[in-house]
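# Remarks on the overall topology
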There are 2 protein chains.
Amino acid sequence: MGLPDNLEQVLNSRCFNGEQQRYLHTSTVLDCDMHFSIYLPPAIAIGPVPVIYWLSGLTCTDENFVQKAGAQRYAAHHGVALVAPDTSPRGKHVPDDPDEGWDFGKGAGFYVNATQPPWDHHYNMYDYITQELPQLINESFAVDPGRAAIMGHSMGGHGALTMALRNTGQYASVSAFAPICAPSRCPWGQKALGRYLGDNQRDWETYDATALVYRAEDPPPMLIDQGNADEFLDEQLNPQLFASACEDSDFPLLLNMREGYD
Amino acid sequence: MGLPDNLEQVLNSRCFNGEQQRYLHTSTVLDCDMHFSIYLPPAIAIGPVPVIYWLSGLTCTDENFVQKAGAQRYAAHHGVALVAPDTSPRGKHVPDDPDEGWDFGKGAGFYVNATQPPWDHHYNMYDYITQELPQLINESFAVDPGRAAIMGHSMGGHGALTMALRNTGQYASVSAFAPICAPSRCPWGQKALGRYLGDNQRDWETYDATALVYRAEDPPPMLIDQGNADEFLDEQLNPQLFASACEDSDFPLLLNMREGYD
């Protein structure tokens, strides 16, 4: 399978008999150059493999998961490709607000399509992750679009849950580690959604996993894994709100609370 | 087991049903405060466990291995403690030479006892790793000093090999990933040994694994794992020199060359 002209390989390392690769491409919906990382398992030599999209948390790039999580061994064993996108648009021409801290702007795109200037032109991570990137992946690598799943951590868990709830049929499952479950009701989410989407909280609902449960139809199996010693649990994450909403709707959620883990 | 007054716990995270901890202590031989990380497997609740010392490479601290290697799962399964020390003395009063680059000074102690000023007062990583740190570990945690092993990567592989060859009986085995095998004959080693130990190359031999093979008696089983696509293989690492020396001496070396890995 030949690579599109728009895709430049910048790293390729052998890893558990597969290949850990990194690419640079020009994103149309973000109007900037973006990196993503992809792990290709040995089984891809035989035929198309399932693919998991991993969404990282605040301050991360596409490289944190690749370097720290150790997921490649499992992906090699099970014959699954892993795609790790970046967490925001990048580049000197992309607006940022360093005075706002690490929880807004670059490294903190929150997986939304921003509507408020100056963010609305570049900060379209929702469309990038659900549409542009999978199209590029599907045409460039031997992955099976019919067997895609989505996962994420913290801000990325929020992204994974909202994308799975809004795109029935696109993801076979969704798994979230310590996700922000109700961004409309926590400081991280209120700050980011207020600035990207404006002050009308009704406009936040399409990016609030707990609110989306009440609109969703037939979501895929959902897993939340959460340590009960997580310092952000009480103020920022709110898995119990999401779990209550799923119970109200009789939706398939497995919530694992892990004793003593942060 | 109570902690010595000299040991301050700065992190503790549950990890594979054991605990990943980080400590700060005052080192006498380095004359500075030092961090180390230790993973305690669940089996430590039953009784003393074997312990593996991991020595990291250039530019690393005690945290790289902890965050990136994913070794805790194996350590939990096999019931082994993992100790990850820092790679050099630290602190504002410790001399450094930032103009010399990342391969000398802080983050690049090379696991030697320096003899040349200004390095000779603080840069005594050999004594720290082989004597002071294991004494502290043995008196502070339920590890079995009779079942200790040593491992390392690159500069840390050099440290592990030299320490195992010079301290027969202290380590049950030594394993080195992409180690600097003959520092007297590569640019990284020549620069560091020349500055820490002076220009007389005879003084370097006690820190050159290949030279040490010819002085060692009854070394433990040795493993070297090396990717043949490693960019530093030809100029810096020289595993073939070490392997030849071991063959001459009929020593127990397993050299795994990994096709295509960097």
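Residues numbered from 1 in each chain as written. Chains lettered and ligands numbered in written order. Predicted model: local features only at pLDDT ≥ 70, side-chain atom pairs only at ≥ 80, totals over all residues. Heavy atoms only, no water.

## Brief notes about the environment of His78 of chain B
All names here are of chain B. In this fold, His78 is placed in helix H2 (residues 72-78). Its relative accessible area of 55% is what places His78 among the exposed residues. Distance from His78 to Tyr123, taken between C-alpha atoms, is 34 Å for residues 45 residues apart in sequence. (Helix = DSSP H or I, 4+ residues; strand = E, 2+ residues; numbered from the N terminus. Buried < 20%, exposed > 50% of the residue type's maximum accessible area, 1.4 Å probe, protein only.)

## Notes on the packing of aromatic side chains
The full count for this structure, using the stated rule, is 24 aromatic pairs over all chains. Ring geometry for Phe104 of chain B versus Trp119 of chain B: centroids 4.9 Å apart, planes at 90 degrees, classification edge-to-face. Of the two residues, Phe104 of chain B sits in the loop between strand S5 (81-85) and helix H3 (125-140) while Trp119 of chain B sits in the loop between S5 and H3, which places them 15 residues apart along the sequence. Just as Phe104 of chain B is buried, Trp119 of chain B falls in that class too. Ring pairs connect the aromatic residues Phe104, Trp119, Tyr123 and Tyr196 of chain A, which therefore count as one cluster. Against the face of Tyr207 of chain A rests Arg166 of chain A, its NZ or CZ located 5.0 Å from the ring centre. Its guanidinium or amino end placed over the ring of Phe104 of chain B, Arg195 of chain B lies 5.6 Å from that ring's centre, counting from NZ or CZ. (Phe/Tyr/Trp six-rings, centres within 6.5 Å; stacked < 30°, edge-to-face > 60°. Lys NZ or Arg CZ within 6 Å of the ring centre and 35° of its normal.)

## Overview of the confidence of the model for chain A
The predicted coordinates of low-pLDDT regions are not to be read in fine detail. Here chain A averages 95 in pLDDT, and 99% of its residues register 70 or above. As scored by the predictor, the complex reaches a pTM of 0.86 and an ipTM of 0.76. (pLDDT = per-residue confidence, 0-100.)

## A few points about helix H5 (residues 187-197) of chain B
Residues and elements named next belong to chain B. Along H5, the residues that are buried comprise Trp188, Gly189, Ala192, Leu193, Gly194, Tyr196 and Leu197. Lining the buried residues of H5 we find helix H7 (233-237). The first or second residue beyond H5 is Gly198, which carries a positive phi of 95 degrees. (Contact = heavy atoms within 4.5 Å.)

## Some details on the sheet that holds strand S1 (residues 7-15) of chain B
All names here are of chain B. Taken together, 9 strands build an open sheet; the order of strands is S1-S2-S3-S5-S4-S6-S7-S8-S9 and the sheet is mixed. In this open sheet, the two edge strands, each paired with only one partner strand, are S1 and strand S9 (253-258). In this sheet, adjacent strand axes meet at a mean angle of 20 degrees when their direction is disregarded. Sheet topology places S1 next to strand S2 (residues 18-27); 8 bridges connect them, and they run antiparallel. The residue of S2 that forms the bridge with Leu11 is Arg22. (Pairing = 2+ DSSP bridges. Axes fitted to C-alpha atoms, helices over the stretch in contact; angles between N-to-C directions.)

## Description of the sheet that holds strand S1 (residues 7-15) of chain A
All names here are of chain A. Pairing is mixed across the open sheet formed by 9 strands, whose spatial order is S1-S2-S3-S5-S4-S6-S7-S8-S9. Unpaired on one side and paired on the other, S1 and strand S9 (253-258) mark the two borders of the sheet. Averaged over all pairs of adjacent strands, the angle between their axes in this sheet comes to 20 degrees, without regard to strand direction. Both strand S3 (residues 32-40) and strand S5 (residues 81-85) contribute to a ladder of 4 bridges, which runs antiparallel. Counterpart to Tyr39 in the pairing with S5 is Leu82. With respect to the sheet, helix H8 (residues 239-249) is in contact with strand S8 (222-227) and S9, its orientation differing from that of S9 by roughly 150 degrees.

## Things to note about the pairing of S3 of chain A
Residues and elements named next belong to chain A. In terms of burial, S3 is a largely internal element, 7 of the 9 residues being buried. In terms of strand pairing, strand S2 (residues 18-27) meets S3 through 9 bridges, oriented antiparallel. Among the inter-strand pairings, Thr26 is bridged to a residue of S3, identified as Asp33. With antiparallel pairing between neighbouring strands as the criterion, S2 and S3 make up a hairpin whose turn holds 4 residues, including Asp31 at a positive phi of roughly 50 degrees.

## Side note on the relation of the copies chain B and chain A
Both copies of the chain are related by a screw-like operation: a rotation about an axis and a shift along it. Aligned on chain A, chain B shows an RMSD of 0.0 Å; the corresponding rotation is 180 degrees and the shift along the axis is 0.0 Å. Between the two chains, the operation in question is that of a two-fold axis. For chain B, the smallest separation between a C-alpha atom and the rotation axis is recorded for Lys68 of chain B, amounting to 2.1 Å. Interface overlap between copies is the fraction of interface residues in one copy that are interface residues in the other; for chain B against chain A it reaches 100%, indicating a shared surface. (Least-squares fit on C-alpha atoms with pLDDT ≥ 70 in both.)

## Some details on the environment of Asp103 of chain B
All names here are of chain B. In this fold, Asp103 is placed in the loop between S5 and H3. Look at Asp103 and you get buried, because its relative accessible area is 13%. Once the C-alpha coordinates of Asp103 and Trp188 are considered, the two residues, 85 residues apart in sequence, prove to be 6.7 Å apart. If we ignore the near neighbours within four places in the chain, the residues touching Asp103 are Leu58, Ala108, Phe110, Trp188 and Lys191.

## Section: unusual backbone geometry
That bond from Pro117 of chain A to Pro118 of chain A is cis: its omega, 0 degrees, falls within 30 degrees of zero. If you trace the backbone, Pro118 of chain A turns up in the loop between S5 and helix H3 (125-140). Non-glycine residue Asp31 of chain B carries a positive phi angle of around 50 degrees. The residue Asp31 of chain B is located in the loop between S2 and strand S3 (32-40) in this model. The class of Asp31 of chain B is partly exposed, set by a relative accessible area of 35%. At Asn238 of chain B, a position not held by glycine, the phi torsion is positive, near 55 degrees. Of note, Asn238 of chain B is situated in the loop between H7 and helix H8 (239-249).

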